[in-house]
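Structural description and commentary
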Amino acid sequence: MSHAYAEIIKDGKVIGWGEYNGTSDVMLPKIRESEEEVWKHWRERDPFQYQCKCAEPKPEPVIVYSHYGCRFWWKSEACLTCRVLTGELCPDDMDDIVKRGDPLGRSDD
Ligand SMILES: [Zn+2]
């Protein structure tokens, strides 16, 4: 129960899904194509094996929206070639810029 889905959002669109570890308060770096893909790799043994391998990384701004607890989001960066997060993974370290609620303004119903 301590892990949750997260959405990776770029330019107002959900471009991928990931897994948030609520025990350690850390986002796992891999960006998956679907929620089903995330579930397939749920609680993977070595989640930090995924890293940007680009010779010249081009990090792009994204929003990570964690569905953990009362749900929150923060700004991070990702390499969309390698499909991994390269920016901030730990929302705990930056309480001032972590926001609650749906970043796209969707309602739950
Ligand atoms: Zn890369």
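Summary of the structure given here. (Residues numbered from 1 in each chain as written. Predicted model: local features only at pLDDT ≥ 70, side-chain atom pairs only at ≥ 80, totals over all residues. Heavy atoms only, no water.)

Remarks on the overall build of the protein
Heads up, the rule is: The secondary structure listing takes helices from DSSP runs of H or I that are at least 4 residues long and strands from runs of E that are at least 2 residues long, numbered from the N terminus. Only protein chains enter the accessibility calculation, which uses a 1.4 Å probe; a residue is then buried when its area is under 20% of its type maximum, exposed when over 50%, and partly exposed in between. What makes two residues a contact is simply this: any of their non-hydrogen atoms within 4.5 Å. Accessibility throughout is a Shrake-Rupley quantity obtained with a 1.4 Å probe, and a residue counts as covered only by protein chains that appear here. The charged-residue count follows a simple rule in which Lys and Arg add positive charge and Asp and Glu add negative charge, with His and chain termini not counted at all. Charge positions are represented by NZ for Lys, CZ for Arg, CG for Asp and CD for Glu.
Looking only at helices and strands, the protein features one helix and seven strands. Reading the protein from its N end, one meets helices and strands in the order β-β-β-α-β-β-β-β. Reported as C-alpha extents along the three principal axes, the dimensions of the protein are approximately 40 × 30 × 25 Å. A buried classification covers 39% of the 109 residues belonging to the protein. Across the protein, contacts joining residues at least 24 apart in sequence account for 52% of those joining residues at least 6 apart. When the accessible surface of the protein is split by element, carbon and sulfur atoms take 49% of a total near 6,600 Å². Charge centroids of the protein, computed over 15 positive and 21 negative side chains, lie 4 Å from each other.

Points about the coordination of the zinc ion
In a perfect tetrahedron of four donors around a metal, the angles come out at 109.5 degrees. In a perfect octahedron of six, they are 90 or 180 degrees. Our working definition: Each metal site is built from N, O and S donor atoms within 2.8 Å (3.2 Å for Na, K and Ca), and since water is not included, such sites may look incomplete. Here a site with four donors is tetrahedral if all angles are between 85 and 135 degrees, and a site with four or six donors is square planar or octahedral if opposite donors are over 155 degrees apart and the other angles are between 65 and 115; anything else gets the irregular label.
Those donors, Cys52 (SG), Cys54 (SG), Cys79 (SG) and Cys82 (SG), are the protein atoms that reach the zinc ion, and they lie 2.3 to 2.4 Å from it. Seen from the zinc ion, its four donor atoms lie at angles of 102 to 120 degrees, and the figure they make is tetrahedral. Sequence positions of the residues that donate to the zinc ion give the spacing C-x1-C-x24-C-x2-C. Note that Cys54 is positioned in the loop between α1 (35-40) and β4 (60-66) and Cys79 in strand β5 (residues 72-79), a separation of 25 residues in sequence. The partly exposed category is assigned to Cys54, whose relative accessible area is 25%.

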